[in-house]
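Reading the structure
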Amino acid sequence: YTQHCGNRIDKYQDYGVELGGPVLKDQIWAWGSFGKTDVTNLAITGQSDATFLKDYAIKVDAQANSSVRGNFTFVHDDKVKNGDGVGPTRLIETAWNQDGPTKYFKGEGNFVAGQKLFATARYAYISSGLQLSPIGGLGQDFYQDDANVWHNSYYFYSTTRPQYFVGGDASYFAGRHELKFGFSWRRTPVDSTSQVTGHKIVTIWNGYPSLIA
(Lines give C-alpha, C1' and ligand atoms only; values in the text may rest on other atoms or scores of the structure.)
Protein backbone atom coordinates (compact mmCIF):
# COMPACT_ATOMS: atom_id res chain seq x y z
CA TYR A 1 0.00 0.00 0.00
CA THR A 2 2.94 2.34 0.53
CA GLN A 3 3.48 2.53 -3.23
CA HIS A 4 -0.10 3.32 -4.22
CA CYS A 5 -1.79 5.39 -1.51
CA GLY A 6 -1.66 9.20 -1.17
CA ASN A 7 -0.19 11.31 1.60
CA ARG A 8 -0.25 9.50 4.94
CA ILE A 9 0.78 10.04 8.56
CA ASP A 10 4.01 8.27 9.51
CA LYS A 11 4.29 9.57 13.10
CA TYR A 12 2.18 11.62 15.51
CA GLN A 13 3.33 12.62 19.00
CA ASP A 14 1.59 15.19 21.20
CA TYR A 15 2.33 15.95 24.84
CA GLY A 16 2.27 18.84 27.28
CA VAL A 17 1.97 20.01 30.86
CA GLU A 18 0.29 22.93 32.63
CA LEU A 19 0.29 24.31 36.17
CA GLY A 20 -1.57 27.15 37.83
CA GLY A 21 -2.76 28.54 41.14
CA PRO A 22 -2.42 31.37 43.67
CA VAL A 23 1.03 32.87 44.19
CA LEU A 24 0.07 35.43 46.82
CA LYS A 25 -3.27 34.92 48.57
CA ASP A 26 -6.04 37.17 47.21
CA GLN A 27 -3.51 39.19 45.18
CA ILE A 28 -1.58 37.25 42.53
CA TRP A 29 -2.56 34.20 40.50
CA ALA A 30 -0.41 32.59 37.80
CA TRP A 31 -0.76 29.84 35.20
CA GLY A 32 1.68 28.36 32.69
CA SER A 33 1.69 25.63 30.05
CA PHE A 34 4.04 23.88 27.66
CA GLY A 35 3.17 21.63 24.72
CA LYS A 36 4.93 19.96 21.82
CA THR A 37 3.54 18.22 18.74
CA ASP A 38 5.55 16.15 16.26
CA VAL A 39 3.76 15.14 13.05
CA THR A 40 5.53 13.45 10.14
CA ASN A 41 3.68 12.87 6.88
CA LEU A 42 4.86 10.81 3.93
CA ALA A 43 3.98 12.18 0.51
CA ILE A 44 2.69 9.90 -2.24
CA THR A 45 6.30 9.68 -3.43
CA GLY A 46 7.45 8.43 -0.01
CA GLN A 47 9.30 11.66 0.80
CA SER A 48 9.06 13.04 4.34
CA ASP A 49 7.13 16.16 5.37
CA ALA A 50 7.76 16.78 9.09
CA THR A 51 6.05 19.40 11.26
CA PHE A 52 7.13 20.36 14.78
CA LEU A 53 5.00 22.63 16.98
CA LYS A 54 6.30 23.97 20.29
CA ASP A 55 4.04 26.19 22.39
CA TYR A 56 4.22 27.70 25.84
CA ALA A 57 2.08 30.28 27.59
CA ILE A 58 2.03 32.31 30.80
CA LYS A 59 -0.84 34.23 32.36
CA VAL A 60 -0.71 36.32 35.53
CA ASP A 61 -3.61 38.05 37.30
CA ALA A 62 -2.96 40.59 40.04
CA GLN A 63 -5.18 42.67 42.29
CA ALA A 64 -3.62 45.74 43.94
CA ASN A 65 -6.80 46.57 45.86
CA SER A 66 -10.57 46.39 45.43
CA SER A 67 -10.44 49.13 42.78
CA VAL A 68 -7.47 48.11 40.63
CA ARG A 69 -6.91 44.76 38.96
CA GLY A 70 -4.82 43.68 35.97
CA ASN A 71 -3.60 40.70 33.98
CA PHE A 72 -0.80 39.85 31.58
CA THR A 73 -0.69 37.07 28.98
CA PHE A 74 2.24 35.80 26.93
CA VAL A 75 2.03 33.05 24.30
CA HIS A 76 4.92 31.68 22.23
CA ASP A 77 4.09 29.48 19.23
CA ASP A 78 6.97 28.05 17.20
CA LYS A 79 6.31 26.06 14.05
CA VAL A 80 9.13 24.29 12.22
CA LYS A 81 8.23 22.37 9.06
CA ASN A 82 10.81 20.38 7.11
CA GLY A 83 9.81 19.28 3.62
CA ASP A 84 6.86 21.63 3.10
CA GLY A 85 5.46 21.31 -0.45
CA VAL A 86 7.17 18.03 -1.28
CA GLY A 87 5.28 15.91 -3.82
CA PRO A 88 5.32 14.32 -7.29
CA THR A 89 6.41 17.60 -8.96
CA ARG A 90 8.52 18.88 -6.04
CA LEU A 91 11.54 16.76 -5.18
CA ILE A 92 12.91 17.01 -1.64
CA GLU A 93 15.57 19.58 -2.61
CA THR A 94 12.82 21.87 -3.97
CA ALA A 95 10.69 21.61 -0.82
CA TRP A 96 10.81 24.28 1.89
CA ASN A 97 12.02 24.33 5.44
CA GLN A 98 9.58 26.63 7.23
CA ASP A 99 10.16 28.44 10.48
CA GLY A 100 8.81 31.56 12.09
CA PRO A 101 7.84 31.78 15.75
CA THR A 102 4.86 33.91 16.74
CA LYS A 103 4.82 35.78 20.06
CA TYR A 104 1.71 37.28 21.62
CA PHE A 105 1.74 39.86 24.43
CA LYS A 106 -1.41 41.22 26.06
CA GLY A 107 -1.89 43.46 29.10
CA GLU A 108 -5.16 44.58 30.64
CA GLY A 109 -6.09 46.84 33.56
CA ASN A 110 -9.50 47.12 35.25
CA PHE A 111 -10.33 50.19 37.32
CA VAL A 112 -13.24 51.15 39.58
CA ALA A 113 -13.70 54.86 40.32
CA GLY A 114 -16.28 55.24 43.03
CA GLN A 115 -19.70 53.62 42.62
CA LYS A 116 -20.43 54.91 39.13
CA LEU A 117 -17.44 54.48 36.80
CA PHE A 118 -15.86 51.18 35.70
CA ALA A 119 -13.07 51.27 33.09
CA THR A 120 -10.81 48.82 31.26
CA ALA A 121 -7.63 49.51 29.24
CA ARG A 122 -5.94 46.96 26.96
CA TYR A 123 -2.77 46.65 24.91
CA ALA A 124 -1.71 43.73 22.68
CA TYR A 125 1.16 43.00 20.32
CA ILE A 126 1.73 40.01 18.03
CA SER A 127 5.13 39.34 16.49
CA SER A 128 4.23 37.20 13.50
CA GLY A 129 5.86 36.05 10.29
CA LEU A 130 7.46 33.08 8.58
CA GLN A 131 10.29 32.10 6.28
CA LEU A 132 10.28 29.44 3.55
CA SER A 133 13.84 28.38 2.72
CA PRO A 134 14.39 25.88 -0.13
CA ILE A 135 16.25 22.78 1.02
CA GLY A 136 18.48 23.00 -2.06
CA GLY A 137 19.85 26.33 -0.83
CA LEU A 138 19.94 29.91 -2.09
CA GLY A 139 23.00 29.42 -4.31
CA GLN A 140 21.44 26.86 -6.68
CA ASP A 141 19.69 27.56 -9.99
CA PHE A 142 16.46 25.59 -10.32
CA TYR A 143 14.54 24.32 -13.34
CA GLN A 144 11.40 22.45 -14.37
CA ASP A 145 11.73 19.45 -16.68
CA ASP A 146 9.33 18.25 -19.39
CA ALA A 147 7.39 16.20 -16.79
CA ASN A 148 6.73 19.41 -14.81
CA VAL A 149 9.07 18.26 -12.03
CA TRP A 150 11.21 20.90 -10.30
CA HIS A 151 14.91 20.26 -9.56
CA ASN A 152 17.86 21.61 -7.53
CA SER A 153 16.12 24.32 -5.47
CA TYR A 154 13.06 26.60 -5.43
CA TYR A 155 11.83 30.08 -4.55
CA PHE A 156 12.74 31.70 -1.24
CA TYR A 157 9.99 33.55 0.65
CA SER A 158 9.99 35.63 3.81
CA THR A 159 7.26 37.72 5.46
CA THR A 160 6.77 39.69 8.67
CA ARG A 161 3.24 40.46 9.87
CA PRO A 162 3.20 42.23 13.24
CA GLN A 163 -0.05 43.40 14.82
CA TYR A 164 -0.57 46.25 17.29
CA PHE A 165 -3.71 46.91 19.32
CA VAL A 166 -4.68 49.55 21.89
CA GLY A 167 -8.18 49.85 23.28
CA GLY A 168 -10.33 50.73 26.22
CA ASP A 169 -13.94 50.91 27.32
CA ALA A 170 -15.89 52.18 30.30
CA SER A 171 -19.34 52.18 31.84
CA TYR A 172 -20.85 55.08 33.77
CA PHE A 173 -23.95 54.47 35.88
CA ALA A 174 -26.41 57.25 36.63
CA GLY A 175 -29.47 56.02 38.45
CA ARG A 176 -31.24 53.48 36.28
CA HIS A 177 -29.18 54.38 33.21
CA GLU A 178 -25.82 53.14 31.96
CA LEU A 179 -23.59 54.97 29.49
CA LYS A 180 -21.01 52.81 27.70
CA PHE A 181 -18.15 54.28 25.68
CA GLY A 182 -14.71 53.27 24.44
CA PHE A 183 -12.19 53.24 21.60
CA SER A 184 -9.82 50.88 19.79
CA TRP A 185 -6.88 51.21 17.42
CA ARG A 186 -5.24 48.46 15.40
CA ARG A 187 -2.33 48.34 12.95
CA THR A 188 -1.41 45.27 10.87
CA PRO A 189 1.45 45.95 8.42
CA VAL A 190 2.76 43.21 6.13
CA ASP A 191 6.24 43.10 4.58
CA SER A 192 7.05 40.21 2.22
CA THR A 193 9.96 39.20 -0.01
CA SER A 194 10.10 36.57 -2.76
CA GLN A 195 13.40 35.65 -4.38
CA VAL A 196 14.61 33.40 -7.18
CA THR A 197 17.73 31.54 -6.06
CA GLY A 198 21.10 31.14 -7.79
CA HIS A 199 21.58 33.46 -10.78
CA LYS A 200 17.93 34.63 -10.48
CA ILE A 201 16.92 32.75 -13.67
CA VAL A 202 14.08 30.22 -13.79
CA THR A 203 14.54 27.60 -16.53
CA ILE A 204 11.69 25.52 -17.96
CA TRP A 205 12.24 22.70 -20.42
CA ASN A 206 10.07 23.13 -23.50
CA GLY A 207 10.75 19.79 -25.16
CA TYR A 208 14.42 19.37 -24.15
CA PRO A 209 16.87 20.68 -25.37
CA SER A 210 14.55 23.67 -26.06
CA LEU A 211 14.44 25.85 -22.96
CA ILE A 212 12.52 28.86 -21.70
CA ALA A 213 14.48 31.03 -19.25
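Just so it is clear, the structure is predicted and the values come from calculations on it, not from any experiment. Here, residues in each chain are numbered from 1, in the same order as that chain's written sequence. Restriction of local features to residues with pLDDT of at least 70 applies here, the model being predicted, together with a cutoff of 80 or more for giving and counting side-chain atom pairs; totals for whole chains, interfaces and linings are based on all residues. Note: side-chain values were computed over all heavy atoms of the structure, leaving out hydrogens and water.

As for the overall build of the protein chain
Note on conventions: DSSP H or I runs of at least 4 residues are helices, E runs of at least 2 residues are strands, and numbering of each starts at the N terminus. What the protein chain contains, in helices and strands, is zero helices and 16 strands. Over its C-alpha trace the protein chain gives a radius of gyration of 26 Å, far above what one expects of a compact globule, namely 17 Å for 213 residues. The principal-axis extent of the C-alpha atoms belonging to the protein chain is close to 85 × 35 × 30 Å. Think of it in three bands: residues with accessible area under 20% of the maximum for their type are buried, residues over 50% are exposed, and the middle band is partly exposed, with areas taken using a 1.4 Å probe on protein chains only. Here the protein chain, with 213 residues, has 27% of them falling under the buried criterion. By the convention used here, residues are in contact when the closest approach between their heavy atoms is within 4.5 Å. Expressed as a percentage of contacts within the protein chain between residues at least 6 apart in sequence, the contacts between residues at least 24 apart total 58%. Radius of gyration: C-alpha atoms only; globule rule: 2.2 Å multiplied by the number of residues to the exponent 0.38.

Regarding the pairing of strand β1 (residues 8–24)
With respect to burial, β1 is a largely exposed element, only one of its 17 residues being buried. Pairing geometry for β1 and strand β2 (residues 28–42), over 15 bridges, is antiparallel. When the bridges of β2 are listed, Leu-24 appears paired with Ile-28. Strands were regarded as paired on the criterion that DSSP finds at least two bridges between them.

Some details on the sheet that holds strand β15 (residues 203–205)
Judged by pairing direction, the sheet is mixed, and its four strands sit side by side in the order β10-β9-β15-β16 without closing on themselves. Each edge of the open sheet carries a strand with a single partner, namely β10 (150–151) and β16 (211–212).

Concerning the side chain of Lys-81
By the element assignment, Lys-81 lies in strand β4 (residues 68–84). N or O atoms closer than or at 3.5 Å make up a polar contact, with two conditions inside protein: a donor-capable atom paired with an acceptor-capable one, and, for residues adjacent in sequence, both atoms drawn from side chains. Here Asp-49 takes part through its side chain, which lies 3.0 Å from a polar atom of the side chain of Lys-81. The residues touching Lys-81, leaving out its near neighbours within four places in the chain, are Asp-49, Ala-50, Thr-51, Trp-96, Asn-97 and Gln-98.

Looking at the nonpolar core
In terms of nonpolar packing, the biggest core is built from seven residues, these being Trp-96, Leu-132, Phe-142, Trp-150, Tyr-154, Val-196 and Val-202. Beyond its immediate sequence surroundings of up to four residues, Trp-96 is in contact with Lys-81, Asn-82, Gly-83, Asp-84, Arg-90, Leu-132, Ser-133, Pro-134, Ile-135, Tyr-154 and Tyr-155. Each nonpolar core is a collection of buried residues, namely Ala, Val, Leu, Ile, Met, Phe, Trp, Tyr and Cys, held together in the definition by side-chain atoms within 4.5 Å.

Concerning the packing of aromatic side chains
Aromatic contacts are taken between Phe, Tyr and Trp rings whose centres are within 6.5 Å, Trp giving its six-membered ring; a plane angle under 30 degrees counts as stacked, one over 60 as edge-to-face, and the others as tilted. Applying the stated criterion across every chain, the model contains 13 aromatic pairs. Ring geometry for Trp-150 versus Tyr-154: centroids 5.4 Å apart, planes at 75°, classification edge-to-face. Like Tyr-154, Trp-150 is buried. Three or more aromatic residues joined by ring pairs make a cluster, and in this case those are Tyr-56, Phe-74, Phe-105, Tyr-125 and Tyr-164. Charge-over-ring placement is defined geometrically: NZ (Lys) or CZ (Arg) within 6 Å of the ring centre, and within 35 degrees of the ring normal. Residue placement shows Arg-90 over the ring face of Trp-96; its charged tip is 4.5 Å from the ring centre. Arg-90 extends its terminal NZ or CZ atom over the ring of Tyr-154, reaching a point 3.8 Å from the ring centre.

Things to note about the environment of Lys-25
Relative to the helices and strands, Lys-25 resides in the loop between β1 and β2. By relative accessible area, Lys-25 is classed as exposed at 72%. Residues Lys-25 and Leu-132 lie 107 residues apart in sequence; the distance between their C-alpha atoms is 47 Å.

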